[in-house]
Amino acid sequence: RGRSLAEVGHRHALLAAKVSDNVGVDESEPEVLFDGLTHGNEPMSLEMTLAILRWLTDGYGTDPRITDIVDTREVWLVFAVNPDGAQFDIRGGRFHLWRKNRQPNADGSIGTDLNRNYGYRWGDGGRTSSNPRAITYHGPSAFSAPETRAMRDFLASRVVDGRQQIRAAISFHEYGRLILWPYGYTHADVPADMTTQDHAALVAIAKRMAGSNGYRPEQASDLASKVNVPALP
């Protein structure tokens, strides 16, 4: 079942799909979220969310593992978090390496890096910038972008009786062949806002995932220290 999270940006809506054996019923099953295309110049992340939809629907009833997943969970797919940026990136039939959304800034530049615009630890360390022309510009305030507000409101809608129903979430990106676990704002392995048990679980999941595809597992802040981020002209 599909739904529109919100009308955002200049033209496009954020589209989500729910996959479940009883899609019209909000069952008491753990929920999983996959999202793609946070950055406009990462089109393969959209292909991943579309591929997961195909695997779950085509495999249901024929593949025992997929059938069990669909029968025992509710799977949410947000195909493209940044549809306006993605559309702009491929204008004229070629890639333009456009990363941010298409929201105008006060200085006349365009775009906020949606991956830096969420509320938790907004602007607090890591690979982020207060320069509106930087490709990692975090926006003038948390949730200043309509796309991140739409994601925030969707996640809030999944809180039932005070408990978040989405128990696991994966955000697909491109480049690096990496599996990243939290956090990106600090180089501490176990900061004050993470338990040792959560850290151990996140590392184990990342290593298990990387073992299946040959990617390198690492903490998100390790990536931030390796990349120089230019400003846009």
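The structure this text deals with has already been given above.
Anyway, here's the lowdown on the structure attached to this text. (Residues numbered from 1 in each chain as written. Predicted model: local features only at pLDDT ≥ 70, side-chain atom pairs only at ≥ 80, totals over all residues. Heavy atoms only, no water.)

## Remarks on the overall build of the chain
- For the chain, the count of helices and strands is six helices and nine strands.
- Rg of the C-alpha trace for the chain: 18 Å, near the compact-globule value of 17 Å for 233 residues, within the 12% margin.
- Considered along the principal axes of its C-alpha atoms, the chain spans approximately 50 × 40 × 40 Å.
- For the chain, the proportion of its 233 residues judged to be buried stands at 41%.
- At a minimum sequence separation of 6, the contacts of the chain that also span at least 24 residues come to 67%.
- On the chain, roughly 12,600 Å² of surface is accessible, and the fraction owed to carbon and sulfur atoms is 55%. (Helix = DSSP H or I, 4+ residues; strand = E, 2+ residues; numbered from the N terminus. Rg over C-alpha atoms; globule rule 2.2 N^0.38 Å. Buried < 20%, exposed > 50% of the residue type's maximum accessible area, 1.4 Å probe, protein only. Contact = heavy atoms within 4.5 Å. Areas by Shrake-Rupley, 256 points an atom, 1.4 Å probe, with all protein chains shown as cover.)

## A short note on unusual backbone geometry
- The omega angle of the peptide bond from Pro182 to Tyr183 is 5°, so this bond is cis rather than trans.
- Tracing the backbone shows Tyr183 in the loop between β8 (178-181) and α5 (196-213).
- For Arg121, which is not glycine, the phi torsion reads 55° and is therefore positive.
- By the secondary structure assignment, Arg121 is in the loop between α3 (83-89) and α4 (146-157).

## Some words on helix α1 (residues 43-59)
- In a regular helix each residue adds 1.5 Å, so 17 residues correspond to 24 Å; α1 covers 24 Å between its end C-alpha atoms and thus fits that length.
- Among all positions of α1, only Ser45, Thr49, Ala51, Ile52, Leu56 and Gly59 are buried. Along the axis of α1, the buried positions cluster into a sector of 160°, meaning they face one direction only. Facing away from the buried side of α1 by over 90 degrees, the exposed positions are Met44 and Asp58.
- With its phi angle positive at about 90°, Gly61 sits one or two positions after the end of α1. (Expected span 1.5 Å × (residues − 1). Arc of directions from axis to C-beta.)

## Regarding the environment of Ser130
- Counting through the fold element by element, Ser130 comes out in the loop between α3 and α4.
- Taking the C-alpha atoms as reference points, Ser130 and Met48, 82 residues apart in sequence, are found 31 Å from one another.
- Discounting chain neighbours no more than four positions away, the residues touching Ser130 are Tyr137 and His138.

## A few points about the pattern of salt bridges
- By the definition in use, this model includes 10 salt bridges.
- Between Arg158 and Asp26 there is a salt bridge; the shortest N-O distance is 3.0 Å. Remark: Asp26 occurs in the loop between β2 (13-19) and β3 (31-35) and Arg158 occurs in the loop between α4 and β5 (159-160); sequence separation between them is 132 residues.
- Between Glu218 and Arg216 there is a salt bridge; the shortest N-O distance is 3.2 Å.
- The class for Arg216 is partly exposed, based on a relative accessible area of 43%.
- Salt bridges here are not isolated pairs; linked through shared partners, they connect Asp26, Glu31 and Arg158. (Salt bridge = Lys/Arg side-chain N within 4 Å of Asp/Glu carboxyl O.)

## Things to note about the nonpolar core
- Judged by nonpolar contacts, the single largest core of 13 residues is most densely connected at Leu5, Leu14, Leu33, Val78, Val81, Met151 and Phe154.
- Looking at this core, the elements with two or more residues in it are β2, β4 (74-78) and α4.
- At three residues, the largest contribution of residues to this core is made by α4.
- Look past the residues within four positions of Leu5 in its chain and what remains in contact with it is Leu14, Ala16, Val78, Ala150, Met151 and Phe154. (Core = buried A, V, L, I, M, F, W, Y, C linked by side-chain atoms within 4.5 Å.)

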